[in-house]
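# Inside the fold
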Amino acid sequence: MDPLSQLSFILWGVPTTLAISILSFLSGLALGIPLAFIRVYMGKPFQVMVDLYEKILRGVPEIVMMLLLYFGVGLALGLKPFDEAFFAVTFALGLRSGANQSQIFRGAIRGVGESQMIAARSLGLPTSQAIIHVMIPQTFIIATPGLGSEYALLIKDSAYAFILGVLETMKRTDILRMTTFDTVFPYFASAFIYILLTFPLATYLDMWGSRKRKELGL
Amino acid sequence: MDFIIEFLPRIFDGFLVTIQVTFFGVIMGLALAIPLAIGDLYGGKIVSTIIKFYVEFFRGSALVAQLFIFYFSIPTLLNIRIDWFTVGLVAFTLNSAAYQKGYIKGAMESVYEDQMTAALSIGLSKVQAIIYVVLPQSLRIVIPAWSNEFCSLAKSTAALLTIGGKDLTAAGRTMASQTWRILESYTFIALIYFLWITTVMKALDILYNKVKIPGLEVSA
């Protein structure tokens, strides 16, 4: 195989890599935002629970979570849809990302400051509306650089899906190595593809975040 | 519980591998990250461009790809043989150094200017100022970030399994496939990771509170 068709063989894995990372990022977002606000605005027992969730998900390797969900929950217990490797991987990364994003948003809430909340409450907004209309839009701006690097992390971690045989970029790279016996080109090519997937986005979000923060004086 | 006891020696061996690779990687990574951070800050344009490429390669690409490059590509190119353990030590050190460089540079920048001016004005040379004034303060502030780096490195060592490493995760997989107690095996392994990672992070937290200089914190 010439290098070009080798490259295109690997590139066919990129959509799957993107699907895993985008879906797990979104589930992390759906988990992380509520967890952060629960942690900040609700009582002690909730704080302890959120902290425990974060500690566990940040203290267990992503690979072990994937193996646990796929082989343990999916295949051994037969619980659908975890018997689908793609879903087990996405769910495992989503849970982990939820823990990370909860921390990112908690930092952002602190960055927005208590005064915004007090001002919103004094205008007569109930806490729930103040959170939705005042706090969340601003926390997003502060959280942007953090969210960018979290997304980049998910793209890189999605490569672990190859262990469960999901046909993404890494798995295709490995197949290429086994069929062509070329141990050099495929791996450098895929490392470069991952860099192309992570670098521009993280850099752009970083710049966008700091410009927006300056504009709004956050 | 019998099956766990039966597999304990194997799990213990795997655990030792995981601990060794993690500590080696994080400590040698620090040793490499300090010159990288100094080079980036004071080394001029060419040095800092080279360092940027190094960092972008290790931070931007998937860890599995890096492990494979060290396990398959480099031995082919250099015509040598490297076993998975050495690959683990080298790859995790280089990977961790790329991340730690960023943290240390950030910390050095935060203590840098006034302190540097003050140190130079009392007659220290630039090198002395870095060694005796900037670094001791930076290394204290960097502990929380360092603790996060330890955590993510400890977790990524599980990727050793992809190059046939016999680490804790691999031991768990062997246990799962031989006993068919799949859920229990992986839960047990997850628990070990959780306990040791949380313990070390707690210890670093205590260390940070012991050595920190009041009023001098990174506002990241």
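Residues numbered from 1 in each chain as written. Chains lettered and ligands numbered in written order. Predicted model: local features only at pLDDT ≥ 70, side-chain atom pairs only at ≥ 80, totals over all residues. Heavy atoms only, no water.

### Quick look at the overall build of chain A
Looking only at helices and strands, chain A features nine helices and zero strands. In sequence order, chain A lays out its α and β elements as α-α-α-α-α-α-α-α-α. C-alpha atoms of chain A, sized along the principal axes, occupy 70 × 45 × 25 Å. A burial count over chain A gives 50% of its 218 residues as buried. Long-range pairs, those at least 24 residues apart, make up 76% of the contacts in chain A between residues at least 6 apart in sequence. (Helix = DSSP H or I, 4+ residues; strand = E, 2+ residues; numbered from the N terminus. Buried < 20%, exposed > 50% of the residue type's maximum accessible area, 1.4 Å probe, protein only. Contact = heavy atoms within 4.5 Å.)

### Here we look at unusual backbone geometry
For the bond from Lys80(A) to Pro81(A), the omega torsion is 0°, close enough to zero to count as cis. Secondary-structure assignment places Pro81(A) in the loop between helix 4 (62-76) and helix 5 (85-112). In this model, Asn79(B) sits at a positive phi of 60°, which is unusual for a non-glycine residue. The backbone phi angle of Trp180(B) is positive, close to 65°, even though this residue is not glycine. With respect to the secondary-structure elements, Trp180(B) resides in the loop between helix 7 (168-179) and helix 8 (182-211).

### Examining the interface of chain A and chain B
Taken residue by residue, the interface counts 36 residues in chain A and 36 residues in chain B. At the boundary of chain A and chain B, one finds one salt bridge. Glu62(A) is the partner of Lys155(B) in a salt bridge, and the nearest nitrogen-oxygen pair spans 3.2 Å. Elements that contribute at least two residues to the side of chain A that touches chain B include exactly helix 3 (44-59), helix 4, helix 8 (169-180) and helix 9 (185-216) of chain A. (Salt bridge = Lys/Arg side-chain N within 4 Å of Asp/Glu carboxyl O.)

### Focus on the packing of aromatic side chains
This model, assessed by the stated rule, comprises 20 aromatic pairs over all chains. Taking 5.7 Å as the distance between ring centres and 65° as the angle between the ring planes, the aromatic pair formed by Phe82(A) and Phe87(A) counts as edge-to-face. Assessed through its relative accessible area of 11%, Phe82(A) is described here as buried. Overall, the relative accessible area of 32% leaves Phe87(A) in the partly exposed class. Pairing Phe87(A) with Phe91(A) gives two aromatic rings, centres 6.0 Å apart and planes at 15°, and the pair type is stacked. With Phe87(A) and Phe91(A) both in helix 5 and four residues apart, the pair spans about one turn of that helix. Feature note: the residues Phe162(A), Tyr187(A), Phe68(B), Tyr71(B) and Phe72(B) constitute an aromatic cluster, connected by ring pairs. Seen from the ring of Phe9(A), Arg172(A) lies directly overhead, with NZ or CZ sitting 4.7 Å from the centre. One Lys or Arg, Arg177(A), reaches over the ring of Phe72(B) and ends 4.0 Å from the middle of that ring. (Phe/Tyr/Trp six-rings, centres within 6.5 Å; stacked < 30°, edge-to-face > 60°. Lys NZ or Arg CZ within 6 Å of the ring centre and 35° of its normal.)

### Description of the side chain of Arg106(A)
Residues and elements named next belong to chain A. Relative to the helices and strands, Arg 106 is located in helix 5. Judged by relative accessible area, which is 13%, Arg 106 ranks as buried. Polar contacts involving the side chain of Arg 106 include one to the side chain of Glu 54, which spans 2.6 Å. Apart from the residues within four sequence positions on either side, Arg 106 is in contact with Ala 36, Arg 39, Val 40, Asp 51 and Glu 54. (Polar contact = N/O pair within 3.5 Å; in protein donor to acceptor, adjacent residues only side chain to side chain.)

It is worth stressing that arrangement in space is one thing and function is another; only the former is reported here.
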